[in-house]
Amino acid sequence: MRLRYGFFPGCTLESAAREVMIATQKVAGALGIELVELEGWSCCGASHIQDVDEELALALNARNIALGEALGAPILTLCNTCTLMLRSAKQRIDEDEAARARVNEALRAADLQYRGTSDITHFLWVLVRDYGLENLRKQVKRPLTGLKVACFYGCHILRPPQVMGFENPWNPRSMEMVVEALGAENVPYGERLSCCGFHAVFPAEREVLRKTGVSCRSAREAGADVIVTPCPLCHMQLDMYQPDAQQQFAESIRIPILHLPQLVGLALGFSPEELGIRRHVVDAIPVLEAKLARA
């Protein structure tokens, strides 16, 4: 099996969430998935730019897509919001001939053209649909037996369904299926489909921190050892802001947060250190070492 993608890392993988870049590259290499970083990619706009300048948002993401088209490959992202922004732009341009003409007029200055030939996908979807869960199961070197995992999807990988469309947004199963393939145990809890609040943390900090705390507390009380998310922005909100959120709760809400590629990497035999897990604010090493030692 040969899988090749134009890789759109997005801004956070270059900075605050560098650990997920490290983990993804190791996992992709181990699985034989070729990731070709789009040369000269730019920020997707982080779900805000269209509120300021819709045409700029469209042209910006059309340019990113055109870079992938030049490779003749689908475009893979790690961030839920990047996936949403790129797919939203693609849908709009594919359905609106006038928008397509305006976009290509703008792209002419960069010697690029949007053709609509590259799909936009997410690392989670690639594992499930392209690589396949049975193939993933065969690559597991260290089954995560006994590790209790709470899946946290985040909004933008599920909604709006007419743009994302991978699975039922009200009852998704992709993350749980990956967790099962890795040998870990899924833990049902009330907040798995909640918003992390990342995009509202500055205008509504107190409310968002409360929401962060409720999500962490819910998973902890359900018996999870860790929360796993497919989105670096959700990870930042649940991990980096967790100490601030704790101030609104008398009881402990503490629970480590992992990126999805890190969970996969652990099952493939990489150590927590190799996957950048020491970079996290909430220390996941003790629980992972304890659980993996017994596996």
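Structure first, text after, so check above.
Definitions and cut-offs
Residues numbered from 1 in each chain as written. Predicted model: local features only at pLDDT ≥ 70, side-chain atom pairs only at ≥ 80, totals over all residues. Heavy atoms only, no water. Pairing = 2+ DSSP bridges. Helix = DSSP H or I, 4+ residues; strand = E, 2+ residues; numbered from the N terminus. Axes fitted to C-alpha atoms, helices over the stretch in contact; angles between N-to-C directions. Phe/Tyr/Trp six-rings, centres within 6.5 Å; stacked < 30°, edge-to-face > 60°. Buried < 20%, exposed > 50% of the residue type's maximum accessible area, 1.4 Å probe, protein only. Core = buried A, V, L, I, M, F, W, Y, C linked by side-chain atoms within 4.5 Å. Contact = heavy atoms within 4.5 Å. Salt bridge = Lys/Arg side-chain N within 4 Å of Asp/Glu carboxyl O.

**Quick notes on the sheet that holds strand β1 (residues 3-8)**
An order of β2-β1-β3-β4 is seen for the four strands of this open sheet, with the pairing classed as parallel. Edge strands, defined here as strands with exactly one partner in the open sheet, are β2 (33-37) and β4 (120-122). Within this sheet the neighbouring strands show an average axis-to-axis angle of 40 degrees, counted without direction. In terms of strand pairing, β1 meets strand β3 (residues 75-77) through three bridges, oriented parallel. Of the residues in β3, the one forming a bridge with Gly6 is Ile75.

**Quick word on the packing of aromatic side chains**
By the definition in use, this model includes two aromatic pairs. Aromatic side chains Phe8 and Trp41 sit 5.4 Å apart centroid to centroid with 65 degrees between the ring planes, which places their arrangement in the edge-to-face category. Note that Phe8 is positioned in strand β1 and Trp41 in the loop between β2 and α2 (49-52), a separation of 33 residues in sequence. Neither residue differs from the other here; Phe8 and Trp41 are each classed as buried.

**Considerations on the nonpolar core**
Considering soluble globular proteins, one finds that nonpolar side chains tend to be buried as a cluster. Formed by 56 residues in total, the largest nonpolar core has its most connected members in Leu144, Val149, Val178, Leu182, Leu258, Leu263 and Val264. When residues of this core are assigned to their parent elements, the largest contribution, nine residues, is made by helix α6 (residues 123-139). Aside from chain neighbours lying at most four places away, what touches Leu144 is Leu182, Gly183, Ala184, Leu263, Leu266, Ala267 and Leu292. Grouped together as the second largest cluster of nonpolar side chains are 47 residues, Leu112, Tyr114, Val208 and Met236 included.

**As for the pattern of salt bridges**
Overall, the coordinates contain 16 salt bridges when judged by the stated rule. The partner of Arg4 in a salt bridge is Glu34, with the nearest N and O atoms 3.8 Å apart. You can see Arg4 sitting in strand β1 and its partner Glu34 sitting in strand β2, a full 30 residues away along the chain. In this structure Arg4 comes out as partly exposed when scored by relative accessible area, which is 27%. In this structure, Asp225 engages Lys291 in a salt bridge whose closest nitrogen and oxygen atoms are separated by 3.4 Å. Placement of Asp225 in the loop between α8 (205-221) and β7 (226-229) and of Lys291 in helix α12 (residues 285-294) is noted, with a sequence separation of 66 residues between them. Each member of the pair, Asp225 as well as Lys291, is classed as buried. What you see here is one network of salt bridges that share partners, running through Arg2, Arg4 and Glu34.

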